Amino acid sequence: MRRRRPAVALALALALGSVLAVLAAAPALAAGYRYWSFWDGSGGGRWSYAAQGPSTARPKDGSVQGFRFSVSKDAADQAAQPRAAADFEAVCGSTPPAQGRKRVALVVDFGVPADAPAGEAPPQDAPRTVCAQVAAEATAAEALASVAKPLRYNSAALLCAISGYPRQGCGEPMADAPAPSASAPAAAAPDDGGPSAGLLAGIAAVAALAAAALWQSRRRTR
């Protein structure tokens, strides 16, 4: 019995050390991203996180679309919303309808200095509002391009810059994303801070090795 206990203790210590090593080696999950989020205007001037990208969304006449640059979660309940109301009349009320065209109210919020990439600053403090009058079949991206060039996209068609801002970068992960400020009503995402599948698999593998080591130590003492 005395010979078995040191062997078992050694096996368990090795297993615990392996688990700690796996935990230490696991990459930290990004808390958020620096990116342009896309929003649909809804009743009462409220915003809802868009279910599709601006290159595929085809807003109807009378729609409001919002864009907000910030460091935040890529999700509906934590992403920073545009800081202006989704109010079609306030933006397009003075633009008369035209045959074969549609009016889309756009709110472009360049965000706050704290969210700007190093060496850059938002082009303006307050959100920009503009009424885009475009072809009836135009996408939200085409409406945006008609009033806020230049736009920049990456190879995956992700919108990276509006009116040339920011000059560089595109949806890069950030180690720590601040909570949206009180001046920017937030809305954002399910918690992604749980362990990754790879980490769980590693722990399971270590547990299996520990069990094998324990069985082997008992076999040797018999």
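Structure's up top.
Report follows, based on the coordinates. Everything quoted here is computed from the prediction, not taken from an experiment.

Re the overall build of the chain
Step number 1: Summing up its helical and strand segments, the chain has four helices and ten strands in all.
Step number 2: Seen in sequence order, the chain has helices and strands lined up from the N terminus as α-β-β-β-β-α-β-β-α-β-β-β-β-α.
Step number 3: A burial count over the chain gives 36% of its 222 residues as buried.
Step number 4: Considering only contacts in the chain between residues 6 or more positions apart, those separated by 24 or more positions represent 71%.
Step number 5: Carbon and sulfur atoms make up 57% of the accessible area of the chain, which amounts to about 12,300 Å² in all.

Topic: the nonpolar core
Step number 1: The biggest cluster of nonpolar side chains holds 21 residues, and the ones touching the most others in it are Trp 36, Phe 67, Leu 106, Val 108, Leu 144 and Ile 162.
Step number 2: Counting only elements with at least two residues in this core, the list comes to strand 1 (32-41), strand 3 (63-72), strand 5 (101-109), strand 6 (128-135) and helix 3 (140-145).
Step number 3: Non-local contacts of Phe 67, meaning those with residues more than four positions away in its chain, are made with Trp 36, Ser 37, Phe 38, Pro 54, Pro 82, Leu 106, Val 107, Val 108, Asp 109, Leu 144, Leu 159 and Ile 162.

What to know about unusual backbone geometry
Step number 1: Between Lys 149 and Pro 150 the backbone carries a cis peptide bond, its omega angle lying at -5 degrees.
Step number 2: Residue Pro 166 follows Tyr 165 across a cis peptide bond; omega there is -5 degrees.
Step number 3: Structurally, the position occupied by Pro 166 is in the loop between strand 8 (159-161) and strand 9 (172-174).
Step number 4: Phi at Ala 157 is positive, roughly 65 degrees, even though this residue is not glycine.
Step number 5: Secondary-structure assignment places Ala 157 in the loop between strand 7 (152-153) and strand 8.
Step number 6: By relative accessible area, Ala 157 is classed as partly exposed at 48%.
Step number 7: Even without being a glycine, Ser 163 presents a positive backbone phi close to 55 degrees.
Step number 8: Its relative accessible area of 21% is what places Ser 163 among the partly exposed residues.

Quick word on empty space enclosed by the protein
Step number 1: Counted under the stated rule, the structure contains one cavity of 30 Å³ or more.
Step number 2: In this structure, the largest cavity spans a volume of roughly 30 Å³.
Step number 3: In terms of lining residues, the largest cavity is bounded by Arg 34, Phe 69, Pro 117, Cys 160, Pro 166, Gln 168, Gly 169, Cys 170, Gly 171 and Glu 172.

Section: the packing of aromatic side chains
Step number 1: Enumeration according to the criterion identifies six aromatic pairs in this entry.
Step number 2: Consider the rings of Trp 36 and Phe 69, whose centres lie 5.5 Å apart with planes at 55 degrees: the pair is tilted. Taken together, the residues span a long stretch of sequence, with Trp 36 in strand 1 and Phe 69 in strand 3 at a distance of 33 residues.
Step number 3: With a relative accessible area of 5%, Trp 36 lands in the buried category.
Step number 4: Grouping aromatic residues by their ring pairs yields a cluster made of Trp 36, Phe 69, Phe 110 and Tyr 165.

Overview of the pattern of salt bridges
Step number 1: Counted by the stated rule, this structure contains five salt bridges.
Step number 2: Linking Arg 103 and Asp 61 is a salt bridge whose minimum nitrogen-to-oxygen distance equals 3.4 Å. In this pair, Arg 103 sits in strand 5 while Asp 61 sits in the loop between strand 2 (47-49) and strand 3, placing the two residues 42 residues apart along the sequence.
Step number 3: Taking the relative accessible area as the measure of exposure, Arg 103 reaches 13% and is therefore buried.
Step number 4: On the basis of relative accessible area, Asp 61 is assigned to the partly exposed category, the value being 41%.
Step number 5: Here Asp 109 makes a salt bridge to Arg 83, at a shortest N to O gap of 2.7 Å. Of the two residues, Asp 109 sits in strand 5 while Arg 83 sits in the loop between strand 4 (77-80) and helix 2 (88-92), which places them 26 residues apart along the sequence.
Step number 6: The class of Asp 109 is buried, set by a relative accessible area of 0%.
Step number 7: Under the relative-accessibility criterion, Arg 83 is labelled partly exposed at 25%.

Scoring rules and cut-offs
- Residues numbered from 1 in each chain as written.
- Predicted model: local features only at pLDDT ≥ 70, side-chain atom pairs only at ≥ 80, totals over all residues.
- Heavy atoms only, no water.
- Helix = DSSP H or I, 4+ residues; strand = E, 2+ residues; numbered from the N terminus.
- Buried < 20%, exposed > 50% of the residue type's maximum accessible area, 1.4 Å probe, protein only.
- Contact = heavy atoms within 4.5 Å.
- Areas by Shrake-Rupley, 256 points an atom, 1.4 Å probe, with all protein chains shown as cover.
- Core = buried A, V, L, I, M, F, W, Y, C linked by side-chain atoms within 4.5 Å.
- 1 Å grid on protein atoms, 1.4 Å probe; cavity = no way out; pocket = protein on both sides within 12 Å on 5 of 7 lines; lining within 4 Å.
- Points joined across faces, edges and corners; volume = space filled by probe spheres on them.
- Phe/Tyr/Trp six-rings, centres within 6.5 Å; stacked < 30°, edge-to-face > 60°.
- Salt bridge = Lys/Arg side-chain N within 4 Å of Asp/Glu carboxyl O.

Keep in mind these values describe shape, not function.
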